[in-house]
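Architecture at a glance
So the chains spell out like this:
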Amino acid sequence: KDALANKGGVTSSSLEVLAALALTDDEFAEHMAVADADAPPAFYRAYVAEIQARIEHNADLEFECIWREHERTGVPRYLLTDQVSDKINALNDYITQSDLYDDVDVRTNVLRHAVPAELQRLVGLERVLERVPDNYLRAQFSCFLASRYVYEYGTHAPELCFFTFMKPFHTGAANAPAL
C-alpha cells in the first residue's frame, strides 16, 4: 500500500534533516556532501545504509503488526494498514502533549535508540542533543515511541501495556526496543 512506501520516504527525509541539523557546516561538507558520485564520503555511505536498514526494519515491524492484527480480528489487511497508521498518529499526539519528554533520563534513553548510530558515532549523542532544536528532538522522541509501541502491542492493547513498554527506557536497559 502507498502509505507504507510513503513512510519510508518520510523516514529517509527526516533522518537526512536530522543529520543536517546535528552537523556543523564544516562537518556536513566533509561527511555528507557528495562531490563525486562514484566516491561519496564514508560517513554518507554508512548513514544511507543505516537509513535503508531502518526503513526495511520498520516495514518488517509494520507487516508483522498488520499480520498479527489480521489473525486476531479478521479485518482485511488493507484496512488494518490505515488503523495502524491512525493508532500511531494518535499515540504520537498523546506522547507529544504529555510530560514524558521532560524526564531527561527517559528522553536520553529513547533518543539513544531513535538517533541513528552512525550519527552518534560521528558526533556523539550529547552533541546531537545540544545542536538539534528541541521541537525536532521531541518529534523524533514521540514518533519513535508511538511507532514502536503500536508495532509491538498492536492497535487494541490495554493502556497498562504502555507502562510495560516504557520500563526499559526508564531504567536505561539495553533491551529497550531496537530500531
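Keep in mind that what you see is a predicted model, and the values were worked out from it rather than measured.

Take the overall build of the chain next. The number of helices and strands found in the chain is nine helices and zero strands. Each helix (α) and strand (β) of the chain, taken in turn from the N terminus, gives the series α-α-α-α-α-α-α-α-α. Taking 2.2 N^0.38 as the reference for a compact globule, 179 residues should give roughly 16 Å; the C-alpha atoms of the chain span a radius of gyration of 17 Å, in line with that estimate. Judged by the C-alpha coordinates and their principal axes, the chain covers about 50 × 35 × 25 Å. Taking as baseline every contact in the chain between residues at least 6 positions apart, the subset at least 24 positions apart corresponds to 71%. In the structure as shown, the chain presents an accessible area of about 9,800 Å², 54% of it carried by carbon and sulfur atoms.

Right, let's get into the pattern of salt bridges. According to the stated counting rule, one finds five salt bridges in the structure shown. We note a salt bridge from K7 to E62, for which the minimum N-O separation is 2.8 Å. Taken as a pair, K7 in helix α1 (residues 2–22) and E62 in helix α3 (residues 42–73) lie far apart in primary sequence, 55 residues in all. Taking the relative accessible area as the measure of exposure, K7 reaches 25% and is therefore partly exposed. Across the salt bridge formed by D102 and R138, the nearest N and O atoms sit 3.7 Å from each other.

Turning our attention to the packing of helix α5 (residues 104–114) against helix α8 (residues 134–153). Between α5 and α8, the shortest axis-to-axis distance is 9 Å and the interhelical angle comes to 75°. The orientation of α5 relative to α8 falls into the category roughly perpendicular. On the side of α5, the interface is formed by V106, R107, V110, L111, H113 and A114, while α8 contributes L137, Q140, F141, F144 and L145. Among the residues making up the contact of α5 with α8, the classes are represented as eight nonpolar, two polar and one charged.

In this section: the layout of surface pockets. Within this model, the largest pocket holds a volume of roughly 620 Å³. For the largest pocket, the lining is made up of 25 residues, of which K7, V10, T11, C143 and S147 are closest to its centre. At the level of elements, α1, α3, α4 (77–97) and α8 are the ones that each hand at least two residues to the lining of the largest pocket. Looking at the lining of the largest pocket, its residues break down into twelve nonpolar, nine polar and four charged. Here the second largest pocket defines a volume of roughly 190 Å³. Considering the residues around the second largest pocket, the lining is formed by K87, A90, L91, Y94, Y149, G154, T155, H156, A157, E159 and F162. Among the residues making up the lining of the second largest pocket, the classes are represented as six nonpolar, three polar and two charged.

Scanning the model with the defined rule gives ten aromatic pairs in all. With 5.2 Å between their ring centres and 70° between their planes, Y149 and F162 make a pair best called edge-to-face. Residue Y149 is located in helix α8, and its partner F162 is located in helix α9 (residues 160–171); the two are separated by 13 residues in the primary sequence. On the basis of relative accessibility, which here comes to 4%, the residue Y149 falls in the buried class.

Low-pLDDT stretches of the model should not have their predicted coordinates read in fine detail. Overall, the predicted model of the chain reaches an average pLDDT of 92, with 93% of residues at or above 70. Mean pLDDT across the secondary structure elements of the chain bottoms out at α1, with 85, and peaks at helix α7 (residues 125–131), with 98.

Calculation criteria
Residues numbered from 1 in each chain as written. Predicted model: local features only at pLDDT ≥ 70, side-chain atom pairs only at ≥ 80, totals over all residues. Heavy atoms only, no water. Helix = DSSP H or I, 4+ residues; strand = E, 2+ residues; numbered from the N terminus. Rg over C-alpha atoms; globule rule 2.2 N^0.38 Å. Contact = heavy atoms within 4.5 Å. Areas by Shrake-Rupley, 256 points an atom, 1.4 Å probe, with all protein chains shown as cover. Salt bridge = Lys/Arg side-chain N within 4 Å of Asp/Glu carboxyl O. Buried < 20%, exposed > 50% of the residue type's maximum accessible area, 1.4 Å probe, protein only. Axes fitted to C-alpha atoms, helices over the stretch in contact; angles between N-to-C directions. Parallel < 35°, antiparallel > 145°, perpendicular 65-115°, else oblique. Nonpolar A, V, L, I, M, F, W, Y, C, P; charged D, E, K, R; others polar. 1 Å grid on protein atoms, 1.4 Å probe; cavity = no way out; pocket = protein on both sides within 12 Å on 5 of 7 lines; lining within 4 Å. Points joined across faces, edges and corners; volume = space filled by probe spheres on them. Phe/Tyr/Trp six-rings, centres within 6.5 Å; stacked < 30°, edge-to-face > 60°. pLDDT = per-residue confidence, 0-100.

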